[in-house]
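Here are the chains, one letter per residue:
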Amino acid sequence: METQSEVKQSLRLLVLASLAALALWFIPLADRLTYPIRLFVTFIHETGHALAALATFGGVNRIAIEWSGSGVTETNGGWGLMISSAGYLATTIYGASLLLLLRRKRNVRLAAIGTGALLLLITVFFAGNGLAWATGLAFGAGCLLLAVKVPARLAHFLMSFLAVQCLLNAFYDLRTLLYLSVSGGAATDAQNMARATNDFIPAIVWAIGWSALSVLILAATLAVYYRSLRRREKIAEDPYAGLLTDISSKTANQNL
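What you are looking at is a predicted structure, and each value in this text was computed from that prediction instead of being measured. (Residues numbered from 1 in each chain as written. Predicted model: local features only at pLDDT ≥ 70, side-chain atom pairs only at ≥ 80, totals over all residues. Heavy atoms only, no water.)

Here we come to the side chain of H49. Mapped onto the fold, H49 is located in helix 2 (residues 35–55). A polar contact of 2.5 Å, which involves the side chain of H49, links it to the backbone oxygen of I83. Discounting residues that sit within four places of it in the chain, H49 has contacts with T73, I83, S84, A86, G87 and D189. (Helix = DSSP H or I, 4+ residues; strand = E, 2+ residues; numbered from the N terminus. Polar contact = N/O pair within 3.5 Å; in protein donor to acceptor, adjacent residues only side chain to side chain. Contact = heavy atoms within 4.5 Å.)

If you want it as structure tokens, here you go:
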């Protein structure tokens, strides 16, 4: 079980990572520094499409990433609703999952290894252009190195920073999706779903639905995070409470 100092350290690192990520959004030209992160988020987005296609017994032809930060996943077969929805939701789910994993210090290296391994596998099997290869290999190998070479506290901060950046980019992308769904701009996942339903359900409805789900996922994640912190604080204040409860339960069972 985590100590109280471990819980506080995890929260401090998350707050620092959040402040750093938010600061970069308001510093002029900082987008050049975070551009690689933007490509990483796009890779996660496209990975969501690919995994959804495979999970619904479809196939993946290739994943391509463009210098603009956009991407495309070419699939065949599978459940179209799941595949189209998986991109934006995958980014939110990945960021939220990282937040929950990083509550425990021992999960930091596991999260980095899992991320690195997934990126490398997706790259080897499905990367379809040079930038997709470069992004997948760079971040895949980088996460593995982070797990085995970087000091634990720095690795914890960097993974927390990555989680926050994923969430920020996810909601920025959803805002852009809402705008494109209204203006009828470039082809989007929401417009693909509208065409699949013969415009019976318009693109804006899909965009709003995915945005609402993302907000719910984030809210649920923060609620779980907060409750776990409060529970551990109570355990730290009264370390014998759980032991006394167990002893009382065993005694009651014996009397029965």
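The next point concerns a nonpolar patch on the surface. A cluster of nonpolar residues, L121, V124, F125, W133 and L137, forms a patch on the protein surface that exposes about 510 Å² of accessible area. When contributions to the nonpolar patch are tallied by element, the ones reaching two or more residues are helix 4 (108–126) and helix 5 (130–149). The dominant element in the nonpolar patch, judged by the number of residues it contributes, is helix 4, at 3 residues. By the secondary structure assignment, L137 is in helix 5. Taking the relative accessible area as the measure of exposure, L137 reaches 38% and is therefore partly exposed. (Patch = residues over 30% accessible without salt bridge, like charges linked within 9 Å, V, L, I, M, F, W, Y side chains within 5 Å. Areas by Shrake-Rupley, 256 points an atom, 1.4 Å probe, with all protein chains shown as cover. Salt bridge = Lys/Arg side-chain N within 4 Å of Asp/Glu carboxyl O. Buried < 20%, exposed > 50% of the residue type's maximum accessible area, 1.4 Å probe, protein only.)

Turning our eyes to something else, we now look at the pattern of salt bridges. Inspection of the entire model under this criterion finds 2 salt bridges. Linking D173 and R38 is a salt bridge whose minimum nitrogen-to-oxygen distance equals 2.9 Å. Remark: R38 occurs in helix 2 and D173 occurs in helix 6 (residues 152–183); sequence separation between them is 135 residues. The class for D173 is buried, based on a relative accessible area of 13%. Judged by relative accessible area, which is 22%, R38 ranks as partly exposed. In this structure, the salt-bridge partner of R62 is E74, at a minimum N-O distance of 3.2 Å. A residue pair is termed long-range when its members are at least 10 positions apart, and R62 in strand 1 (residues 59–65) and E74 in strand 2 (residues 71–76) qualify at 12 residues. Overall, R62 belongs to the partly exposed group, its relative accessible area being 28%. Residue classification places E74 among the partly exposed residues on the basis of a relative accessible area of 32%.

What is shown is where atoms sit, not what they do.
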